[in-house]
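# Observations on the three-dimensional arrangement
As a plain string of letters, each chain reads:
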Amino acid sequence: MAELFLIHQMRLLFRQTAIVAMACAMSAAQADEATPRASDTGYGMALYEYHQGNFFQALTRLNVVNREGGIAGHGDHPLLVEGGLMLAYGMTREAQRQFQALLDTSDVSDEARNQAWFYLGKVFWLEKDRDASTDALSRVDGELLEESDPELYHEWLYLKGQWLLGQSQSPESRQQLDDLLDELPVSSPWRFYLRYNRSVQSLTAGDQPAAMDELEALIADTSPDQDQPSDVQAEMLALEQQARLSLGRLHMGKGDFERAMRVLDEIPLDGMLSDQALFNYAVSASRQEQHGLALQALDALQKRPLFTPWLQQVPYARAFTIEQMGRNKQALAAYRRAAEHYVQLDQRLTEEQASLSESRLINALAFVREGAENTAPDADLSATGPALGESTMLTDAYGRVKVRPDDFSLAELLAGEAFQLALRDMHELYRLDDSLDQWRQQLASFEVMLDTRRTRREARIRETREALASMKVDEWTDRQEAFRKDIEQASANENAAFFMTAEQKALKNQLDRVENTLAGLPVNEKTRQQRQTYERMRAYFDWWVADEYGVNRWAAVKQLRELDEAMDTFVSQRKLMEEEMASDDRLDEFASRIARKKAELDRLDRQLDLALEQTRQSLMNLVQSELARQRQQVTSYLRASRHAQARLADGLFLNAREAAVQQNSGRPDDDTTVKEGSDD
Amino acid sequence: MMTHRFSLILSALLLLGSSTVFAQDSNDGDEGSVALSVEELKKQVIRLNRDLFILEEDLLFPASTQFAVFLSLDTGEFLKLDAVKLKLDDDTVASHLYTERQVKALQRGGMQRLYMGNLKTGSHQVTVFVEGIGPDNRAYKQAATLEFEKGTGTAALEIRIRDRSSDYQPEVAIVEWE
């Protein structure tokens, strides 16, 4: 029965994880209904990755957004999503910190706080911290959770039920569990799991009739609900078969083989538990002395590929059944074939143990590529299957890789949680390694890019310097300075002539020329009048220049000021340019960031190698132990087959000798000889 | 004696599970430590990944020229999105074929960054062509255009595909993010 519980627990874990992921997604979907579109592009991108199951990319996106100022317009929802993502990505401790941080924040909505308590309880439950889980789950407001997310509410009821089952049973706890079950919809798988677990608990407590009643009721209540999604329908069907198998085995345990056969007969031959059902059916039939039926069931099993290690007992069991039917010669042959089979199997397992390596292990597993999940179970996946670390590898909601064994000796191991987790870690580590490799290439290309930018920059600097040199910038500065001094001096001397306008200067030149001409002419009436006219003109001109002095001086000073401003701008620009040309600050900053990240990458790479080695070793150890265990079993079957072979051979030999003796003494043949003859 | 041996097989079968349970329990300690280190590594790689994403953006798409186009899908009841092509100033800069998973992710509030690049300040034109299966299972194709002014800061546009309940048709619009 313990085997059943193990399978059940594993299935529970898978189921439970799938529901967690679904719940996260549903929360997101509901929030989206309230806000039709993401009001933050970074958050929108994170959701895009999240809903595709790319948890690593989604977490990276959320980290980027948080680093760049956080997510606006979505309240506490991103925190819940991030926690859910961490949980789904196997970062349970980080998820725990995230939910605790959310709960420590004062301005959190009641709904978010309620869900955070639920998820925190879930984290503790996954970490097998029963007390902390119970405490967190007891803080959840059931009504609010039912209102905000019915799926989470059902899961919460299930977890509370699990907690009650773990308690010592009392009438109160039984009543509480009944109340919880009443809250769950009849078609809910959670309800089924709880009832199944209750039967397990009854059995553990020694109350076998109660356990069997529960299983019978469970089988009777499990009817397919066409409104449910196809995967839930398939799961319910598998659960029903599991309940039938358990019930059949309990009947066997009680010695009620007839009932066991009836129950096991209901399990379809193409169902996932048909191997176990057939074998148990054979055992029951044998115990009912219905050897023909037992042999029929064992023959059906023998025709199947002996895929799971536990099916290796079939060759021996088949020979035993034939012996039970009194066909000793056939049984002897069957034991011989069984022994040969076990010898070959032992050789094979020994070779596998000796040559076990990661690549051989990986070759023995067929991984499923995304989109190929509906491939037939017997399809050859080796040609198309992805390698560990490939992003197209199909995984479940918790990152466990979907894999089928190519080698039957790994089948049972593959179903174990420890192996699944180690394989998941291995896949994740390879993915991280791949991501680091990509970044290493990217950083190398960044360096090339920076080198190119430096080269282009240097060329530009050269061009700029040449342009500045051709402009004779220093001469401009000297001339500006000389101009300033002249203006200041003329202002101090009130030199009106200095500030004359171009028109005034032209007139002055004209008047000077007239004065020179008059100076060379004889003095007579005519020149006297000319000189008087000139003096009037000169006097008017001097008055005009003196009158315009203020205006002219202001215009000159204004021009000087404008020139100063222009020169200041030019000088500061030139200074900036010089500074820019002198230092590579921006590029240096990028180069230093790249160098830092390269160092970090190298450090992480070393840690990753170490973790990969540890995980690889852990996987190898698991496989080695499994192979050793199988060898031990095969050896015991081999020994039993050989003993039976020897025993039967002896019996046949003695019977034959006895018959010969009797023949020689003239007595008729006995029954045994006739029966043995019928074997031929 | 034979019957006794067959019973032994049955007992072995029933006990097989318990030995597996014990074997599994004995591995829990190792599993825990490896899982812890893997979790720590994941955390560190995510942090490094974040820094490198930021570095990449700073280096390749400086804030003054950065230009991004996002795509979102509101419900998507009247359109099963197949493909999108994006033109920027008459050059095709992005095109994408959608998987079922990507469409579902968009329908659940996800936002795809369809294009990221650099753009000079000034006037630009962006055109998007959306293809898919529209109402009544008929092939659907629609384009939308937007003229916009790129300033000195980062610029972001969103291609918004949504259901129009007034005539049960999908609607494609390009909007600017503030």
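What you see is a predicted model; the values in this text were computed from it and never measured.

Reading the values: the criteria
Residues numbered from 1 in each chain as written. Chains lettered and ligands numbered in written order. Predicted model: local features only at pLDDT ≥ 70, side-chain atom pairs only at ≥ 80, totals over all residues. Heavy atoms only, no water. Helix = DSSP H or I, 4+ residues; strand = E, 2+ residues; numbered from the N terminus. Contact = heavy atoms within 4.5 Å. Areas by Shrake-Rupley, 256 points an atom, 1.4 Å probe, with all protein chains shown as cover. Pairing = 2+ DSSP bridges. Axes fitted to C-alpha atoms, helices over the stretch in contact; angles between N-to-C directions. Parallel < 35°, antiparallel > 145°, perpendicular 65-115°, else oblique. Left-handed = near helix turned anticlockwise from the far one by under 90°. Nonpolar A, V, L, I, M, F, W, Y, C, P; charged D, E, K, R; others polar. Buried < 20%, exposed > 50% of the residue type's maximum accessible area, 1.4 Å probe, protein only. Polar contact = N/O pair within 3.5 Å; in protein donor to acceptor, adjacent residues only side chain to side chain. pLDDT = per-residue confidence, 0-100. Salt bridge = Lys/Arg side-chain N within 4 Å of Asp/Glu carboxyl O. Phe/Tyr/Trp six-rings, centres within 6.5 Å; stacked < 30°, edge-to-face > 60°.

Turning to the overall build of chain A, a few remarks are in order. The helix and strand tally for chain A stands at 26 helices and 2 strands. Within chain A, contacts between residues at least 6 apart in sequence are counted, and of these 68% link residues at least 24 apart. Element-wise, carbon and sulfur atoms account for 50% of the exposed surface of chain A, whose accessible area totals about 34,400 Å².

Attention shifts here to the sheet that holds strand β4 (residues 111-118) of chain B. All names here are of chain B. The 4 strands lie next to each other as β4-β1-β7-β8, forming an open sheet whose pairing is mixed. The open sheet terminates on both sides in strands that have one partner only, identified here as β4 and β8 (169-177). Neighbour to neighbour, the strand axes of the sheet diverge by 15° on average, direction disregarded. Relative to strand β7 (residues 155-164), strand β1 (residues 66-74) runs parallel, the two sharing 8 bridges. Bridge pairing in β7 places Phe-67 opposite Ala-155. Contacting β1 and β4, helix α2 (residues 100-107) runs over the sheet at an angle of about 90° to β1.

Residue and element names in this part refer to chain B. As judged from the 8 bridges shared by strand β2 (residues 80-88) and strand β5 (residues 122-133), these two strands associate in the antiparallel manner. Within the sheet, the bridge partner assigned to Lys-85 lies in β5 and is Phe-129. Relative to strand β6 (residues 139-150), β5 is paired through 12 bridges, and the arrangement is antiparallel. Paired with Gly-132 across the two strands is Tyr-140, which belongs to β6.

All names here are of chain A. Across the interface, helix α18 (residues 328-354) lies against helix α25 (residues 585-664) with an axial gap of 8 Å and an inter-helix angle of 155°. Classified by the angle between their axes, α18 and α25 sit roughly antiparallel to one another. For the pair α18 and α25, the sense of crossing is left-handed. When grouped by side-chain class, the residues that make up the contact of α18 with α25 number 18 nonpolar, 8 polar and 7 charged.

On to the side chain of Asp564(A). Residue and element names in this part refer to chain A. Within the element layout of this structure, Asp-564 appears in helix α24 (residues 525-582). Exposure remark for Asp-564: the relative accessible area of 15% places this residue in the buried category. Within the local environment of Asp-564, its side chain forms a polar contact with the side chain of Arg-484, the two groups lying 2.8 Å apart. Filtering out sequence-adjacent residues up to four positions away, Asp-564 remains in contact with Gln-480 and Arg-484.

Let us now look at the confidence of the model for chain B. Confidence in the prediction of chain B, expressed as mean pLDDT, is 80, and 80% of residues score 70 or more. Note that pLDDT drops below 50 for residues 1-32 of chain B; the model gives that stretch 48 contacts with residues more than four away or on any other chain.

Turning next to the pattern of salt bridges. Residue and element names in this part refer to chain A. Taken as a whole, this structure holds 44 salt bridges over all chains when the rule is applied. Put simply, Asp-602 and Arg-440 hold a salt bridge, and the shortest N to O gap is 3.8 Å. With Asp-602 in helix α25 and Arg-440 in helix α21 (residues 417-470), this residue pair connects regions lying 162 residues apart in the sequence. Relative accessible area serves as the criterion here: at 36%, Asp-602 is assigned to the partly exposed category.

Residue and element names in this part refer to chain A. Under the counting rule described, the total for this entry stands at 18 aromatic pairs over all chains. On the numbers, 6.2 Å between centres and 35° between planes, the contact of Phe-56 with Tyr-89 is tilted. In this pair, Phe-56 is assigned in helix α3 (residues 55-67) and Tyr-89 in the loop between α4 (77-88) and α5 (92-104), connecting sequence segments 33 residues apart. The class of Phe-56 is buried, set by a relative accessible area of 10%. The exposure class assigned to Tyr-89 is buried, which follows from its relative accessible area of 6%.

Okay, the side chain of Gln201(A) next. All names here are of chain A. Examined against the element boundaries, Gln-201 turns out to sit in helix α11 (residues 189-204). Residue classification places Gln-201 among the buried positions, given a relative accessible area of 18%. At a separation of 3.1 Å, a polar atom in the side chain of Gln-201 contacts the main-chain carbonyl oxygen of Leu-165. Setting aside its immediate chain neighbours within four residues, Gln-201 contacts Leu-165, Gln-167 and Gln-169.

Residues and elements named next belong to chain A. As a packed pair, α11 and helix α13 (residues 230-254) sit with axes 11 Å apart at the nearest point and diverge in direction by 15°. Of the possible angle classes, the one that applies to α11 and α13 is roughly parallel. When the axes of α11 and α13 are compared, the crossing they make is left-handed. Seen from α11, the contacting residues are Pro-189, Phe-192, Tyr-193, Tyr-196 and Leu-203; seen from α13, they are Val-232, Glu-235, Met-236, Leu-239, Glu-240, Gln-242, Ala-243, Ser-246 and Leu-250. Partitioning the contact of α11 with α13 into residue classes produces 10 nonpolar, 2 polar and 2 charged.

Okay, the confidence of the model for chain A next. Residues and elements named next belong to chain A. Here chain A shows a mean pLDDT of 82. Residues at 70 or above account for 87%. When mean pLDDT is taken per element in chain A, helix α14 (residues 257-265) scores highest with 93 and helix α1 (residues 2-34) scores lowest with 34. In the model, residues 1-36 has pLDDT below 50 throughout and makes 96 contacts with residues more than four positions away in sequence or in other chains. In this model residues 669-680 is a low-confidence stretch, pLDDT under 50, and it forms 13 contacts with partners more than four residues away in sequence or in other chains.

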